[in-house]
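The chain contents come next:
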Amino acid sequence: MELKAKGSTSIKALLVEDIGVCRLVLSTFLLRLHCEVTLAMNGKEAVDLFLEGKKFDIVLFDKDMPVMTGPEAIVKIRAMGETDVKMVGVSADDHAMEAFMSVGADLFVPKPMRMEALGPIIQEVINKKKNDMV
Amino acid sequence: MDYSNLRRQAASLKKGLFDQGHLDEQFRQVEDLQDEASPNFVEEVVVVFFKDSGRLISNLEQALEKYPRDFNRWDAYMQQLKGSCSSIGASRMKNECMSFRDNCGQRSVEGCMGSLQKLKREHAILRQKLESYFQVTLEAPPCQSWCHDRWIISINLLTDVCMFTMQLLRQVGPAGAATRPAM
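Rules used throughout
Residues numbered from 1 in each chain as written. Chains lettered and ligands numbered in written order. Predicted model: local features only at pLDDT ≥ 70, side-chain atom pairs only at ≥ 80, totals over all residues. Heavy atoms only, no water. Helix = DSSP H or I, 4+ residues; strand = E, 2+ residues; numbered from the N terminus. Buried < 20%, exposed > 50% of the residue type's maximum accessible area, 1.4 Å probe, protein only. Contact = heavy atoms within 4.5 Å. UniProt positions renumbered as here; feature names shortened; annotations may be inferred. Buried area = accessible area lost by both parts, 1.4 Å probe. Salt bridge = Lys/Arg side-chain N within 4 Å of Asp/Glu carboxyl O. Polar contact = N/O pair within 3.5 Å; in protein donor to acceptor, adjacent residues only side chain to side chain. Pairing = 2+ DSSP bridges. Right-handed = clockwise from strand over helix to strand, strands pointing away. pLDDT = per-residue confidence, 0-100. Disulfide = S-S within 2.5 Å.

Side note on the side chain of A:Lys86
All names here are of chain A. The topology assignment puts Lys86 in strand β5 (residues 86-91). By relative accessible area, Lys86 is classed as buried at 16%. The residues contacting Lys86, other than those within four sequence positions of it, are Asp57, Ile58, Val59, Asp106, Leu107, Ile121, Glu124 and Val125.

Description of the UniProt feature "domain: HPt" (unreviewed entry) in chain B
Under the present numbering, the feature "domain: HPt" (unreviewed entry) in UniProt falls on residues 38-133 of chain B. Here residues 38-133 of chain B is 88% helix and 0% strand, with 18 Å between the C-alpha atoms at its ends.

Considerations on the interface of chain A and chain B
Of the residues lining the interface, 21 residues belong to chain A; the matching set on chain B comes to 25 residues. For the chain A and chain B pair, buried surface summed over both sides reaches about 1,800 Å², with 58% attributable to carbon and sulfur atoms. Between chain A and chain B we count 1 salt bridge in total. Between B:Asp35 and A:Arg32 there is a salt bridge, with the nearest N and O atoms lying 3.2 Å from each other. Linking chain A to chain B there are 9 residue pairs in polar contact (both at pLDDT 80 or more). The element contributing the most residues to the side of chain A that touches chain B is helix α1 (residues 20-32) of chain A, with 8 residues.

A short note on the pairing of β5(A)
Residues and elements named next belong to chain A. Across the 6 residues that make up β5, a large majority, 6, are buried. Sheet analysis places strand β4 (residues 58-61) next to β5, joined by 4 bridges and oriented parallel. By the bridge assignment for β5, Leu60 is matched with Val88. Assessed by its sense of winding, the connection that carries the chain from β4 through helix α3 (residues 70-79) to β5 is right-handed.

Here we look at the confidence of the model for chain A
Looking at chain A, the pLDDT average stands at 92 and 95% of residues meet or exceed 70. When the elements of chain A are averaged for pLDDT, strand β1 (residues 2-4) of chain A gives the smallest value, 71, and β4(A) the largest, 98.

Notes on the UniProt feature "modified residue: 4-aspartylphosphate" (unreviewed entry) in chain A
All names here are of chain A. Annotation from UniProt places "modified residue: 4-aspartylphosphate" (unreviewed entry) at Asp62. One can find Asp62 in the loop between β4 and α3. Overall, the relative accessible area of 8% leaves Asp62 in the buried class.

Notes on the UniProt feature "domain: Response regulatory" (unreviewed entry) in chain A
According to UniProt, the positions carrying the feature "domain: Response regulatory" (unreviewed entry) are residues 12-126 of chain A. Spanning residues 12-126 of chain A, this segment combines 43% helix with 21% strand, and its end C-alpha atoms are found 10 Å apart.

A closer look at the state of the cysteines
Residue and element names in this part refer to chain B. Counted by the stated rule, this structure contains 0 disulfides over all chains. Left unpaired, Cys85 is separated from the closest cysteine sulfur, that of Cys97, by 4.2 Å. Residue Cys85 is classed as buried on the basis of its relative accessible area, which comes to 0%. The cysteine Cys112 is free of any disulfide, with Cys104 supplying the nearest cysteine sulfur at 3.7 Å. Using a relative accessible area of 0% as the deciding quantity, one classes Cys112 as buried.

This is the structure in structure tokens:
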């Protein structure tokens, strides 16, 4: 599912989250930050999107999901050569940071994600994209 | 209808939810996402939360029965519910989730069962309090339209008074000239 905000920054965000309320809140944060948001319900759906050739600037993963976890998906996506896309682990699990960072995530943010935390992350992605275009 | 009373009632209900620890700062983050384009966003989030949390609690109860003493599995289910509670700021529920997980770590079946009962109680209390709150907010129109109209009326009245006063002063002239007797 794709969601688009008005005045898009053209930052393509993929949100990988199986719990409905978490998906709703976090996707709305991303839309408020003018991202184009695609939703996936688990790690396998995320991997399938990359296999289809879809491109994203940032991917936010929950940790524990059915079928395939966030860290498992990161391993597979990085193995496809997707080294530029920013991978962010998001979890309420106190031990999740190690699980994400050890498999190549760029960043870990504990749940609940706040707008004040997400804003600078998206801005960094925007800045990087502008620099890469120059 | 006395909307100001209803609005006060809504504010009081909301304050109670925060003061009693049912909700924390994350709920305000959710409220900040509500705007004219999404006027019922908070209620929508709450509806989805109770749908998710009801399902997760049900899954956990089934797991407690089907997989006795499988603390890792029980913990995994509760981890999901904890994440869900965190997302909307359901603070007391989140604390009970953490208590349950602690009991899993201590491999205490009795402790887990006790935590689950407390969690279900908090779940029911939060649902009832939020339902009451939204019921009252539905009956009171949004302050944006009511207060906006009231302010517009006040500003217009003030403008009219200023215009009238200025016209009066032009007619009367400076205060000194008005009081000096004609020669």
